[in-house]
Amino acid sequence: MEQGLFRGILKATALLVALVFFVACSPKLDWRTVQSPQERYTALFPGKPDKLERKIPYQEIELLQTLEAVKIDDDIYSISTIQLPANQGASLSKLLSQLQANLVDRAKASGGEVIIEDAFYKTTDKQRSPTKDYFLDLKSNGKTQQQMRVRWINRVAPNGDNWIYQISVLHTNAGTSNVKTFFTKEEYENFFSDFSPE
C-alpha cells in the first residue's frame, strides 16, 4: 500500500513539475528582436510593435518622427525616432532639451518625483556609450497614476544627420512602489539594455 501511495505522490509531483514547466515556457512577454534599418537601430520588444510615422513641425521645418510601440497589460514599451537633418544640427541641443523638459516638467508639476541616473547603452558595433535614465512618477490628486522610465540617445549618421531616440516604458495603474525600483525589474531592463543604435 505504501508503494501505491508513493507512486501516486510521484505521479502528482511529476504532473505538477510538468505544469510549472509548461507555464514557465508560456510567458506573457514574447520577446523578439526588431530591426529598423530605416531608423538605424535594433531593439528587443516584448511583443510585436505597431509602427506609425508623422511629420512634426519644428522651427521652420517638418521633422519625421517614427514610433514603434507595444502595449502589454499596463505597460507601453516604445521607441520614438526623430531624424534631424545635418543642416539643422545647430538646433540639436535645443530640441533634446525640449523633449526632456516636456516630460520632466509634467512630472514635477503633478507633484511627482524625477530621478536621473547615469546609464550606458551599446551600439550595434558593441561600443558602450554613456547616457542618462529618467525615472518619472506622475501623480494626479496626490496619488501616483503613472510611472515612466525614459532615456534619450543621439547618434550622428555618416551623412551628418542626427538621430534622436527616445526609449521609454510607461506604466499605468501604478501603485506606490518606488519608480526606480519598479523599472529595474528584468522585464523592463531587457528593453533598455538591448536597444542598439547604429
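What you see is a predicted model, and the numbers here were worked out from it, not measured in a lab. (Residues numbered from 1 in each chain as written. Predicted model: local features only at pLDDT ≥ 70, side-chain atom pairs only at ≥ 80, totals over all residues. Heavy atoms only, no water.)

Moving on: helix α2 (residues 92-109). In this model, α2 (18 residues) spans 25 Å end to end at C-alpha, consistent with the 26 Å of a helix rising 1.5 Å per residue. When the local axis directions of α2 are compared, the greatest deviation, roughly 25°, occurs at Ala101. Along α2, the residues classified as buried are Leu92, Leu95, Leu96, Leu99, Leu103, Val104 and Ala107. Just downstream of α2 lies Gly111, where phi reads positive at about 90°. (Helix = DSSP H or I, 4+ residues; strand = E, 2+ residues; numbered from the N terminus. Expected span 1.5 Å × (residues − 1). Bend = angle between axes of the 7 residues up to and from the residue. Buried < 20%, exposed > 50% of the residue type's maximum accessible area, 1.4 Å probe, protein only.)

Turning our eyes to something else, we now look at the pattern of salt bridges. The final tally for this structure, using the stated rule, is 9 salt bridges. Between Lys180 and Glu117 there is a salt bridge whose closest N-O contact spans 2.7 Å. Remark: Glu117 occurs in strand β6 (residues 114-122) and Lys180 occurs in helix α3 (residues 179-183); sequence separation between them is 63 residues. By relative accessible area, Lys180 is classed as partly exposed at 28%. The shortest N-O distance in the salt bridge between Arg149 and Glu189 comes to 3.0 Å. Residue Arg149 is found in strand β8 (residues 143-156), and its partner Glu189 is found in helix α4 (residues 186-193); the two are separated by 40 residues along the sequence. Given a relative accessible area of 3%, Arg149 falls into the buried group. (Salt bridge = Lys/Arg side-chain N within 4 Å of Asp/Glu carboxyl O.)

Close inspection of predicted coordinates is inappropriate in any region flagged by low pLDDT. A residue-level look at the protein finds 86% of positions with pLDDT of 70 or above and a mean pLDDT of 85. Here residues 1-26 scores under 50 on pLDDT; set against residues more than four positions off or in separate chains, the count is 0 contacts. (pLDDT = per-residue confidence, 0-100. Contact = heavy atoms within 4.5 Å.)

One recurring pattern in soluble globular proteins: nonpolar side chains tend to sit buried together. Counting 25 residues, the largest nonpolar core has Tyr77, Ile79, Ile167, Phe191 and Phe195 as the members making the most contacts within it. Breaking this core down by element, the ones donating at least two residues are β2 (41-45), β4 (61-72), β5 (75-84), β6, β9 (162-172), α3 and α4. Considering each element in turn, this core owes the most residues, 4 residues, to β9. Excluding residues within four positions of it along the chain, Ile79 makes contact with Tyr41, Ala43, Phe45, Thr66, Leu67, Glu68, Gln166, Ile167, Phe191 and Phe195. Judged by nonpolar contacts, the second largest core, of 20 residues, contains Ile82, Leu103, Trp152 and Ile164. (Core = buried A, V, L, I, M, F, W, Y, C linked by side-chain atoms within 4.5 Å.)

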